[in-house]
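For reference, the chains in residue letters:
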Amino acid sequence: MQKSLSPRAPRVLGIAIPSPLRRLFDYRPAGTPPSCGWVPGLRVRVSFGRRQLVGVIVECRDHSELEFSRLKPIDACLDSAPLPEDWLWLCRFTARYYQHALGDTLSHAMPVLLRQGRPFEARTRERWHATDTCSEDSPGKLARAPRQAALLEMLQQHPRGLTSQAILAQSFTREQLRALEAKGLVQCREETLTQAVTTEGKGLLASPSLTLNAEQSAVLAALHEGLDQFHPSLLQGVTGSGKTEVYLQLIEAVVGRGRQALVLVPEIGLTPQTLGRFVQRFRVPVVALHSGLTDHERLDAWQAASSGRASIIIGTRSAIFTPLASPGVIIIDEEHDSSFKQQDGLRYHARDLAVMRARHHQIPVVLGSATPSLESLLHAQRGNYRHLHMRQRATRHPPARLELTDIKARVRRGGLVPPVIDTIGATLKAGHQVLVFINRRGFAPTLACHNCGWMAECDHCDARMTLHRHPPILACHHCDRRRPLPDACPDCGSGDLRPLGSGTERSEETLGELFPDIPVYRIDRDSTRAKDAMDRILGEIRKGEPALLVGTQMLAKGHHLPHVTLVVVVNADSGLYASDFRALEHSAQLLEQVAGRAGRAAHPGRVLVQTMHPDDPNLRLLAERGYDALARTLLEERRVAALPPWRYMALLRLESPNESQLSAVANQAGTAMRGFLQHSKREVDCLGPVPAPMERRQNRYHLQLMLTAEKRSLLHEASAWWVAWLENSAEARRVRWSLDIDPQTL
Ligand code: ADP
Ligand code: ZN
Ligand code: ZN
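Note that the coordinates shown come from a computational prediction; the quantities given were computed from them, not determined experimentally.

**Some remarks on the site of ligand 1**
Taken together, 15 residues lie near ligand 1, and Gly242, Lys243, Thr244, Glu245 and Ala394 sit nearest. In terms of residue count, helix H9 (residues 243-256) provides more of the shell around ligand 1 than any other element does, three residues in total. A breakdown of the residues in the shell around ligand 1 according to their chemical character gives three nonpolar, 10 polar and two charged.

**Regarding the domain arrangement of the protein**
Its domain assignment divides the protein into domain 1 (12-116), domain 2 (124-192), domain 3 (214-390), domain 4 (402-443 + 501-639) and domain 5 (648-741). Relative to domain 2, the C-alpha centre of domain 1 lies at a distance of 46 Å.

**Some points on the UniProt feature "binding site: Zn(2+) 1" (unreviewed entry) in the protein**
UniProt marks Cys449, Cys452, Cys489 and Cys492 with the feature "binding site: Zn(2+) 1" (unreviewed entry), using the numbering shown here. The largest pairwise C-alpha distance within this set of annotated residues, which runs over 44 residues, is 8.6 Å, so the set is compact in three dimensions. Along the chain, the position of cysteine 449 falls in strand S18 (residues 446-449). Discounting chain neighbours no more than four positions away, the residues touching cysteine 449 are Trp454, Cys489, Asp491, Cys492, Ser494, Asp496 and Leu497. On the secondary structure map, cysteine 492 appears in the loop between strand S21 (482-484) and strand S22 (497-500). Contacts of cysteine 492, omitting those with residues within four sequence positions, involve Cys449, Asn451, Cys452 and Trp454.

**Quick notes on the sheet that holds strand S24 (residues 548-551)**
Within the open sheet, the six strands sit side by side as S16-S26-S25-S17-S24-S23. Their pairing is parallel. For this open sheet the edge positions go to strand S16 (402-406) and strand S23 (520-523), each flanked by a neighbour on one side alone. Within the sheet, the average angular offset between the axes of one strand and its neighbour, ignoring direction, is 20 degrees. Pairing of S23 with S24, which is carried by four bridges, proceeds in the parallel orientation. Within the sheet, the bridge partner assigned to tyrosine 521 lies in S24 and is leucine 549. Lying over the sheet, helix H14 (residues 418-429) contacts S16, strand S17 (433-437), strand S25 (564-569) and strand S26 (606-611), oriented at roughly 165 degrees with respect to S25. This element, helix H16 (residues 533-542), spans S17, S23 and S24 of the sheet and lies at about 145 degrees to S23.

**Remarks on the sheet that holds strand S15 (residues 386-390)**
A sheet is described by the order of its strands in space; here seven strands give the open sequence S11-S12-S10-S13-S14-S9-S15, paired in parallel fashion. Whereas interior strands pair on both sides, the edge strands pair on one side only; in this sheet they are strand S11 (286-289) and S15. Strand after strand, the sheet turns through a mean of 15 degrees between neighbouring axes, direction not considered. Where strand S13 (residues 327-333) lies against strand S14 (residues 364-369), four bridges are found, and the strand directions are parallel.

**With respect to the packing of helix H18 (residues 583-595) against helix H20 (residues 627-640)**
For the pair H18 and H20, the least separation of the axes is 11 Å and the interaxial angle reads 175 degrees. Between H18 and H20, the angle is such that the two are roughly antiparallel. Every residue of H20 that contacts H18 at Leu584, Glu585, Ala588 and Glu592 is listed here: Tyr627, Leu630 and Leu634. Its residues assigned to classes, the contact of H18 with H20 comprises five nonpolar, no polar and two charged.

Conventions we followed
- Residues numbered from 1 in each chain as written.
- Chains lettered and ligands numbered in written order.
- Predicted model: local features only at pLDDT ≥ 70, side-chain atom pairs only at ≥ 80, totals over all residues.
- Near = placed C-beta within 6 Å.
- Helix = DSSP H or I, 4+ residues; strand = E, 2+ residues; numbered from the N terminus.
- Nonpolar A, V, L, I, M, F, W, Y, C, P; charged D, E, K, R; others polar.
- Domains from an automatic or database assignment.
- UniProt positions renumbered as here; feature names shortened; annotations may be inferred.
- Contact = placed C-beta atoms within 7 Å.
- Pairing = 2+ DSSP bridges.
- Axes fitted to C-alpha atoms, helices over the stretch in contact; angles between N-to-C directions.
- Parallel < 35°, antiparallel > 145°, perpendicular 65-115°, else oblique.

Shown next as structure tokens:
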């Protein structure tokens, strides 16, 4: 702060520029300094090479490693006050932790319009009202100004007022408005363009809270302790145990003390339903940050949060970068969800940043889930997080257990075996709905030749192409290439080409044939592409008529489907034997979540899980003893295998269209790292290079190397060294590389 009071301007500004280079660029201050003086957090426009870019001042100092006379002046300062301090802190932390360029991090973490250099202020508009001094006969007294009389009459008919735009559109003029204002008959108020959603009236709550059950009360009481401290809690509550109600009442306490709540939900979880629960409960302004916002709306939401105008901010992953005027609590719902980790560019994990941010602000953070990540479970086990449980559903029925159904060597129709088809029939007959979960879109995973065994493969990836029926094409789900269906096998010329396996489209078709009188609703990325398609389908489903719902995880997550009493998992096996060490954890979480859709309202539910491996010990553990028991086993396996969360991991991914060049660079990177580790005797392991799980994607080859360490600080030292080595290696510049700290997938 002292810096800004100093009367003398700094001679050098260290500026972060949106570029992958991990360094600041020095410029000279120029022009009139803003009233706050030259301080970190101001956006400036600078010439960078031949381009003009928007950067952020990060350092103000008097010396530079370059000769002073060679420093270019900035072109302009874009702000009169620095961007919010808490935001700047978070970006700096993020850049350091994830070994990412600060300029790129700042640019990623700000709304597009700020990135483009637009002003950081809420857009406002004028709203005109008739004043209280007006009476019914006021217009009559304006006989000599008939247009003013008409205007006043119009405003009197609109108690909430009218915007200038609406008034001018009725061919009234600004002069007429000013004249009425001078007579004290109308007044103008400025309002922000995107008002945070707020319900009119007095008091905090728009609708009363529910009376908590014993488990919920105990959890809320625990969360109420220490609202002014950093207090991480893992709230493990089965689906339907009423976690959201606990969040709502915790937020009530926080907002009641004049502070803000930031709530993060998974990408698929930010439904109008979820938002509705918050907006209906509170009278205070709520803003939602999601991918559907326009750039202007996003900037306004940011402004509302950083000015304190919004009390509750709900958003997906990137909302973690929302500046807050007076943070009071951060809540991460479904904390295990993989959408909290960004998988490209700046590879941050919003849950982990939330914990760091809460520590910085000294406020509580709540991680909620029915199936917590092994990372959070280990933190709880070690006492870093308080572990709170809710084991009962808030509604009538206990969660359904998984019933394993053997499908080995059995006839299947659309992937379903006869006993399962019978159970579906009986459920529909009883007037209920059935959810068929199949985590593959398209008609079938591939097209195969029945004569020679040929399978349709993508020319550009090590992957099979998925068969789609409407329209009939082969599509690669990894690079999005499409091909028409071949008439005959390209290998043997046979015309006997058949779909292999089932996707959502095939299940939809088969179920339609099996139950011709029942509507079938398919919910996947293809069927919901059109705007509002999802809402329309959900609207139909909520009517409660017997129906079949076929869907991918889009349907399995987040949605409240009160009329579903039977859930069928078409194939539970894909995750059981996958190479990724987290595959089992993730598929167990998904299975539990799918199962949680059954029997949430008036009737109890059943969950049938089809598998080729009904004796798989992990699957049986999950079915018989539940997620907790399986998680304990997996955690132990990870300890023995020296994998996360017991050890910290960083993954270096390298890719290139040139296979031999790639392998040369990867080997050099491995050798260099091993040399560094040996020389400095670090307790860090370096593995690889090994081919990535899909070695060829979009005609590019992928190799990876891995670092693991028991101590995070050691992993970070090694990672930082590696990044510096890669940036300075002429060879490494010929390939594309990225370092992923705490990777979620290999
Ligand atoms: P979760 O988030 O744990 O899956 P929800 O908060 O969505 O659970 O609650 C599930 C259902 O139970 C919702 O319909 C909710 O309104 C209801 N519910 C939650 N708590 C209570 C309560 N204390 N009394 C009555 N109903 C409740
Ligand atoms: Zn063939
Ligand atoms: Zn492909």
